[in-house]
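Working through the structure, step by step
These are the residues of each chain, in order.
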Amino acid sequence: MSRIDEAWRRANGEQVAEEPPVQSLAAPAARGAGDEVILARYVVEQAAAPSRPIRRERSHPVVSSSRERHAGAPPPVAHSARGKLVVTPEIEPGSIEQYRRLAATLDALQSQGGLRSLMVSSALPREGKTLTVTNLALTLSESYRRKVLLIDADFHRPSVHELFGIANAVGLADALHSPDGRLRPVQVSATLSVLPAGRITDSPTAALSSDRLRTLVADAASSFDWVLLDTPPVGMLTDAHLVARATDGVLFVIAAGMTPYTLVQRSLSEIGRDRIVGTVLNRIEEHALPVRDYYHTNYSSRS
């Protein structure tokens, strides 16, 4: 039994044979209307990766920023995102630290294999994929000072722009249809740029199925240290499969106690297990996280 399978079964109350513990990371879960914000647990397993580094053709950047910000200024976030994002003071201190661990794991993968573009998705809606990719982008840019481009490739329910309180007037959809193919992200901090989904005028699937998306992502990766993409759920639409072909790898988010095991397995198989760089087990109950007490004691003793 893999560590992914073991973690998922434990999260759903199933008995499994004792094996070496998995690496656990903690971070806040996504919240839908009326949901309680709970502390989530991340279980990350690195998939087998090819030993050779990813080869990338360098090309001229096709990225221009529509807003400049002073170096060191924190990215502004919407009031509704307070307590959900790692740059807001209301979030659990332990969650910030665990997002840093997740970022460190991916940063190591980049050093080993040249990983630069990453799709973050899930099998079903409301599993926390958008908050996961957003907090990962914030952590890589703010804590690790990497230059990050966060792209909202969810044309059906775009929401990244809402977290930062920016307009969704121009974004990825416009770049896919533009003759020059130039990305025009909003620079929300010195190290983080956000490209909203933009306005869809035709079939979202048609917009993502062309080779232009692959070119845009590859060109963006020549200008940024990390290119992160949020997509629709894998188990609901074909869009995520199209985006996966344009990125170096996939980070898969799983909601504990919510997502059927068979659907997780099917979604991973459809994407291609060789494309999965790791999985994130989200929405573990707070009482199952002994690390929370450590961080509360540690941080409160300093105040």
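One can find the structure itself at the top, above this paragraph.
Residues numbered from 1 in each chain as written. Predicted model: local features only at pLDDT ≥ 70, side-chain atom pairs only at ≥ 80, totals over all residues. Heavy atoms only, no water.

Spatially, E5-E6-E4-E7-E3-E8-E9 is the arrangement adopted by the seven strands of the open sheet, whose pairing is mixed. The open sheet has two free edges, formed respectively by strand E5 (186-187) and strand E9 (276-282), since each of these has just one partner strand. Contacting strand E3 (117-122), strand E4 (148-152) and strand E7 (226-230), helix H7 (residues 212-221) crosses the sheet at an angle of about 145 degrees to E7. Its contacts with the sheet put helix H9 (residues 261-271) on E3, strand E8 (249-255) and E9, and the angle it makes with E8 is roughly 170 degrees. (Pairing = 2+ DSSP bridges. Helix = DSSP H or I, 4+ residues; strand = E, 2+ residues; numbered from the N terminus. Contact = heavy atoms within 4.5 Å. Axes fitted to C-alpha atoms, helices over the stretch in contact; angles between N-to-C directions.)

Moving on, we come to unusual backbone geometry. We note that Arg126 has phi near 60 degrees; this positive angle belongs to a residue other than glycine. Turning to its location among the elements, Arg126 is positioned in the loop between E3 and helix H3 (129-142). Phi is positive for Arg145, which is not a glycine, with a value near 55 degrees. Its location among the elements puts Arg145 in the loop between H3 and E4.

Between its terminal C-alpha atoms H3 stretches 20 Å, which fits the 20 Å expected from 14 residues at 1.5 Å a residue. Taken across its 14 residues, H3 has 13 buried, putting it largely inside the fold. (Expected span 1.5 Å × (residues − 1). Buried < 20%, exposed > 50% of the residue type's maximum accessible area, 1.4 Å probe, protein only.)

Counted at 1.5 Å a residue, the expected span for helix H2 (residues 93-113) with its 21 residues is 30 Å, and the 31 Å between its end C-alpha atoms agrees. Those residues of H2 not exposed but buried are Gly94, Ser95, Gln98, Tyr99, Leu102, Ala103, Thr105, Leu106, Asp107, Leu109, Gln110 and Gly113. Just past H2, the residue Gly114 takes up positive phi, approximately 80 degrees.

This paragraph deals with the packing of H2 against H3. At a closest axis distance of 9 Å, the pairing of H2 and H3 adopts a crossing angle of 80 degrees. With respect to their mutual orientation, H2 and H3 come out roughly perpendicular. Residues Tyr99, Arg100, Leu102, Ala103 and Leu106 of H2 touch H3, and the partners they reach there are Leu131, Thr132, Asn135, Leu136, Thr139 and Leu140. (Parallel < 35°, antiparallel > 145°, perpendicular 65-115°, else oblique.)

Turning to the environment of Ala167, a few remarks are in order. Note that Ala167 resides in the loop between helix H4 (160-164) and helix H5 (172-177). The exposed category is assigned to Ala167, whose relative accessible area is 56%. In contact with Ala167, other than residues within four places in its own chain, are His161 and Pro196.

Consecutive residues of a regular strand have side chains that alternate between opposite faces of the sheet. The side-chain alternation of strand E6 (residues 192-195) yields two buried faces, one formed by Leu192 and Val194 and the other by Ser193 and Leu195. Sheet topology note: the E4/E6 ladder contains four bridges and is parallel. Residue pairing for E6: Ile151 is matched across the bridge by Leu195. Bridge count between E5 and E6: two bridges; the pairing is antiparallel.

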